[in-house]
Amino acid sequence: LDKKVRQNNWEENNFINYKKMSENLAIVRARLNRPLTFAEKILYSHLDDPHGQDIERGVSYLKLRPDRVACQDATAQMAILQFMSAGMPSVANPTTVHCDHLIEAQIGGPKDLERAVNINKEVYDFLASACAKYNIGFWKPGSGIIHQILLENYAFPGGLLIGTDSHTPNAGGLGMAAIGVGGADAVDVMADLPWELKAPKVIGVKLTGQLSGWTAPKDIILKVAGILTVKGGTGAIVEYHGSGVDTISATGMATVCNMGAEIGATTSLFPFNDRMYDYLNATKRKDIGDFARSYAKELRADEGAEYDQLIEINLSELEPHINGPFTPDLATPISKFAEAAKANGWPEELKVGLIGSCTNSSYEDMSRGASIARDALNHGIKAKSAFFVTPGSEQTRATVARDGQLKTFEEFGGVVLANACGPCIGQWDRRDVKKGEANSIISSYNRNFTGRNDGNPATHSFVTSPDLVVAMSIAGSLHFNPLTDKLKDKDGNEFLLAPPTGDGLPSAGYDPGQDTYQAPPKDRASVTVQVSPSSDRLQILSPFSAWDGKDATDCPILIKAQGKTTTDHISMAGPWLKYRGHLDNISNNCLIGAINAANGEANKIKNQTDGTWGAVPAVARDYKAKGIKWVVIGDWNYGEGSSREHAALEPRHLGGLAIITRSFARIHETNLKKQGMLPLTFSDPADYDKVQPDDKVDILCTELEVGKPITMRVHPKNGETFDIKLSHTFNAGQLEWFKNGSALNTMAKKAKN
Ligand code: F3S
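Quantities reported herein were computed from a predicted structural model and do not represent experimental measurements.

The rules we used
Residues numbered from 1 in each chain as written. Predicted model: local features only at pLDDT ≥ 70, side-chain atom pairs only at ≥ 80, totals over all residues. Helix = DSSP H or I, 4+ residues; strand = E, 2+ residues; numbered from the N terminus. Rg over C-alpha atoms; globule rule 2.2 N^0.38 Å. Buried ≥ 20, exposed ≤ 12 C-beta atoms within 10 Å, placed from the backbone. Pairing = 2+ DSSP bridges. Axes fitted to C-alpha atoms, helices over the stretch in contact; angles between N-to-C directions. Near = placed C-beta within 6 Å. Nonpolar A, V, L, I, M, F, W, Y, C, P; charged D, E, K, R; others polar. Domains from an automatic or database assignment. Contact = placed C-beta atoms within 7 Å. pLDDT = per-residue confidence, 0-100. Core = buried A, V, L, I, M, F, W, Y, C linked by C-beta atoms within 7 Å. Right-handed = clockwise from strand over helix to strand, strands pointing away.

Asks: Would you take a moment to explain the overall build of the protein chain for this structure?
Replies: Secondary structure summary: the protein chain contains 23 helices and 30 strands in total. Relative to its length of 753 residues, the protein chain is compact, with a C-alpha radius of gyration of 27 Å against a globular reference of 27 Å. Its C-alpha atoms put the protein chain at 90 × 60 × 50 Å along the principal axes. Buried positions account for 55% of the 753 residues belonging to the protein chain.

Asks: Is there a simple way to explain the sheet that holds strand S8 (residues 201-208) in this structure?
Replies: Sheet strands pair by backbone hydrogen bonding; their relative direction is either parallel or antiparallel. Overall, parallel pairing links the four strands, which are arranged S10-S9-S8-S11 in an open sheet. The open sheet terminates on both sides in strands that have one partner only, identified here as strand S10 (267-269) and strand S11 (309-314). Averaged over all adjacent pairs, the angle separating strand axes in this sheet is 20 degrees, with direction ignored. Summarising the sheet, S8 and strand S9 (residues 236-241) pair through six bridges and their orientation is parallel. Each bridged residue has a counterpart across the sheet, and for Ile203 the counterpart in S9 is Val238.

Asks: Help me understand the site of the ligand, please; the structure alone is not making it clear to me.
Replies: Inspection of the region around the ligand gives 13 residues, with Ser357, Cys358, Cys421, Cys424 and Ile425 positioned closest. Its residues assigned to classes, the shell around the ligand comprises six nonpolar, four polar and three charged. Here the shell around the ligand spans two domains, since at least three of its residues come from each of domain 1 (18-314) and domain 2 (321-482).

Asks: I tried to follow helix H14 (residues 394-403) on my own but got confused; where do I start?
Replies: An α-helix turns once every 3.6 residues. As a result, residues three or four positions apart point the same way. Restricting attention to buried positions, one finds in H14 the residues Glu394, Gln395, Thr396, Arg397, Thr399 and Val400. Looking at the buried residues of H14, the elements they touch are helix H6 (146-154), helix H13 (363-378) and helix H15 (405-411). Phi turns positive, to about 100 degrees, at Gly404, one or two residues after H14.

Asks: Before we go on, may I ask you to explain the sheet that holds strand S5 (residues 160-163) in this structure?
Replies: Taken in spatial order, the six strands of this open sheet run S6-S5-S2-S3-S4-S21, and their pairing is mixed. Either end of the sheet is taken by a strand with one partner, and the two such strands are strand S6 (177-180) and strand S21 (517-518). In terms of strand pairing, strand S2 (residues 68-72) meets S5 through three bridges, oriented parallel. The partner of Arg68 across the bridge, within S5, is Leu161. Most of the contacts of H6 go to S2, to which it runs at about 150 degrees, and overall it touches S2, strand S3 (95-98), strand S4 (137-139) and S5. Contacts from helix H7 (residues 183-190) reach S2, S3 and S5 within the one sheet, and its direction differs from that of S2 by about 140 degrees.

Asks: What is the right way to look at the confidence of the model for the protein chain in this model?
Replies: For any part of a model where pLDDT is low, the fine detail of the predicted coordinates should not be relied upon. When pLDDT is averaged along the protein chain, the result is 95, and 100% of the positions lie at 70 or above. The ipTM for the predicted assembly is 0.98, set against a pTM of 0.89.

Asks: Just to check I follow, could you spell out the environment of Arg644 for this structure?
Replies: Note on placement: Arg644 falls in the loop between strand S25 (630-634) and helix H20 (646-653). Exposure remark for Arg644: the 26 C-beta atoms within 10 Å place this residue in the buried category. Through-space distance from the C-alpha of Arg644 to that of Thr484 is 48 Å; in sequence the pair is 160 residues apart. Those residues in contact with Arg644 that sit more than four places away from it in its chain are Gly182, Thr567 and Ser571.

Asks: For this particular structure, what's the right way to read the domain arrangement of the protein chain?
Replies: Accessible area lost on assembly of the parts is the figure often given for the size of an interface. Each assigned domain of the protein chain is listed here: domain 1 (18-314), domain 2 (321-482) and domain 3 (552-752). One C-alpha centre belongs to domain 1, the other to domain 2; they are set 26 Å apart. At the junction of the two partners, domain 1 supplies 40 residues and domain 2 supplies 38 residues. For the side of domain 1 that touches domain 2, the secondary-structure elements that each account for two or more residues are helix H4 (109-119), H6, helix H8 (217-228) and helix H9 (250-258).

Asks: What should I look at first to understand the environment of Ser393 in this one?
Replies: In this structure, Ser393 sits in the loop between strand S15 (386-390) and H14. Measuring from C-alpha to C-alpha, the distance between Ser393 and Gly504 comes to 16 Å, with 111 residues separating the pair along the chain.

Asks: Where do I start with the nonpolar core in this structure?
Replies: It is characteristic of soluble globular proteins that their nonpolar side chains tend to be buried jointly. By size, the foremost hydrophobic cluster in this structure holds 216 residues, and its most contacted members are Phe83, Leu127, Leu558, Val631 and Ile660. Looking at this core element by element, the count peaks at nine residues for helix H5 (residues 121-134). Contact partners of Phe83, with chain neighbours within four places excluded, come to Val91, Tyr134, Val187, Met190 and Ala191.

Asks: How should I be thinking about unusual backbone geometry in this particular structure?
Replies: Glycine aside, residues mostly have negative phi, and peptide bonds are mostly found in the trans state. Residue Pro325 follows Gly324 across a cis peptide bond; omega there is 0 degrees. One non-glycine residue with positive phi stands out, namely Asn33, at about 55 degrees. By the element assignment, Asn33 lies in the loop between helix H1 (18-32) and helix H2 (38-44). Given 7 C-beta atoms within 10 Å, Asn33 falls into the exposed group. Unusually for a residue other than glycine, Asp554 sits at a positive phi of about 55 degrees. Mapped onto the elements of the fold, Asp554 is located in strand S22 (residues 552-560).

Asks: Where do I start with the pairing of strand S14 (residues 350-356) in this structure?
Replies: Each regular strand carries side chains that alternate between the two faces of the sheet. With respect to burial, S14 is a largely interior element, seven of its seven residues being buried. Relative to strand S17 (residues 439-443), S14 runs parallel, the two sharing four bridges. Within S17, the residue paired with Gly353 across the bridge is Ile442. Between the parallel pair S14 and S15, the chain is carried across by H13, and the sense of this crossover is right-handed.

Set out below in C-alpha cells:
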C-alpha cells in the first residue's frame, strides 16, 4: 500500500492514501471488535481522530477528513467567496468546480451553450479566475454534468468526497462514499476544518440473480424508492451487495447510487469489483484499478457485517418500472402502468421524452437507447413524442458522436442539447404546452417534483430507464408496454420492439472531445479574481470583525419570532437564488418570512430607536448603521430545513450578535457558530415568554466558557431588570470562532502562525 498512485490524471500531487486509511481502520477495528460494513470502513478510515472518536451508528457525530471537494456553479459562488474571505493562498484539499447548472435548453447544444456563456459571463469569469487563484480545477461550461465528470475522472474506490449537490452519491458507482452537502461544509474542507457527519445507519440491499432484457440498472433504484419512499433512507447509507452486483456495469451502479438521493439517503455504495476495474481501465486509470485490487479486502463489507435494515431484490425477477408523477417513489411496474395511468387519469399522450442527465447518460445508456431507436427506424418509424438527449459529459458526447448513437437519435427525431443539466433543473424554455395545461413527459432523470422540469405544475413528469423513455416516445402514449404491445411499421404491419442491446464500454475507447478543463496555473500569485464592483450577482466578502472582548449592552430585539422559523423563513429561496453570490443583496430577504410575536405578521417590526414600523432587513440595516448590535428571539427548532449557509451569513452581515431560542436545528446552530454568531438557548424554555419584543437585553459574553450557561440581563420597557440563564453548546475550538469573528478567520489565523 506504500505505492504513490495519483487520485486522477489531472493533478500531479494528490495521491490515494490506502496506507493511512488501513492504519486508521486497524485502530477502529481494535476498538469496535466487530465486522464492519463497507460504508463504515470508508467513513472510519477517514476519521480525524480514530483513537478518540465516539462511534455509534445513528448517534455519534463523526469528524472526518474527506479526500476531495466538488462544487457545481450555482452553489460554488458563495462557497468560494467565503473561502476567499479567509485570506488563505490556496484550498487545503483537492477541489473542483463544474459549470453545468446555468445552461438553458432552447434549440440545441452549441447555440444554447453560446447563449449561456454570454448571460452568465460574470459568474463564469469569477469562478474561472477564483479557481485559478486558489488552486481549484475548473471545468468550463460545456464540459458536462458534475457527477459524470467526477465518475469519469475523480472517483476512486474507498475514497470520501463531499459535493455541493444532492446527486453527488453518483460516484458510489466506483465504490466512493460521495456525499451531498451545503456550501458551508465545502468551505470547511477547503479551509482544512474537519467535516462533521452524524454516523449514518446502514441499509443493506442484497441483489441476487441477473439483469436482462428490458430491465436496466435504473429499475433497481426505482424499485428501492418504491419500497423505502422519499424519507426511508434519511440518515442512512444504502449499501448494495450480493452476487447480482457483478451483473451491473460501473455506470449502471452509478445510476443506482445517484438516484439514492431521492430516498433521502446520505449516500449509496457498491463494493469494488471487476466491473469497476474495467471502467477505471477504460477511463485511463488502470493504475488506480490495480491499486484498488491490492486494497480490495477493505473495499467491501466484512463477512458477517450487520445492517440496520436489509432489503433483497432478485434481479432476474425485477420488472422495468416507471415512477411518478410528481414524486419519485410512486413506483409502478410496466405490466401495471397502463392500467394505473387510466385509473388515475394521467394524460395519455406522451408529449416529450428526455434521456441523459447526471443519472443516465453513460455510453451504455446511449447505446441501448440507440439500439431501440434504430429498431424503430429500421421499421420506417420515428419518435412520436418530442425527444431530447442531454449527454452527461463532453467525453461521452464525443464518443457517441463518433460511434453513431447520436446520429441515430437525430434521425429518430431527437434534439441533442448541451452537456449540462438543462431540463433536469428546469433550465428549459419549453414552448409546446401552455402553463397550467395538463400533459405527460417521461425522462431518465432522477427527480420529478411538481414543476421541476418546465415550471408547469400541471406537467405529469415520470422517471424511468432511458430504454423505456425511447420506447415510450416511439408510441407517444403512456398506455404502451414495449414488452407486450406491438407497434405498426411504415406499411402498417405490426411488430414488437426487440429488447435493447449495447456495449457497456466503447470498444474503440473514449474520445475526450474538446478540451474543457482549466488547470490551475503554475503562477497563481499574479491572478486577480474577477468581480465587478457594480455587479448585482457577485460581491467580494470581507472578513467579519472579531469580538471586542466586552459584554454587549442594551441590545434591541430585532424580532421575537413565534412558531416555525425555518431556513426558508430566514433566507427565502425562489427569486432570491440569483443573488446567492451577493451577500448584501440577498440579505434583503433576511428573516422576511418569520412571524413577529408582537403583531402576528411577517416582515413588519418596530424600530426601537424611533418607534417606526418597517421591514426586518431595513430595521436591521438601520441598527447596523447606528452601531447597535441586535439579537433575535426564536421559538422551537429554529433554523430547520436546509443547510443553506445564507441563513447564518445574513444576520451576521446585518450586525446581529446572538440568536436566542427555545431550541435549534443542529445544522443551523453550527452554521451560526461558524459565522461568529452566538446561538443560545433558554436554559428554561419557559423564559421565552418572559421576554417581550420591546425589551432591551445585555448579553454577558465575558462569561462564555465551555459547558457553562451565560447571563442575559433583560431590561423590560416598563418594569424591573431581571436575569435569565442561556445555555450554549460551544466547545473550546468553537469559542475561538466566536472570539476571532468566524471559523474562517480562525483558520486563517492558524495558517498565518
Ligand atoms: Fe444536474 Fe439534474 Fe443532475 S440538475 S446535477 S442533471 S439531478
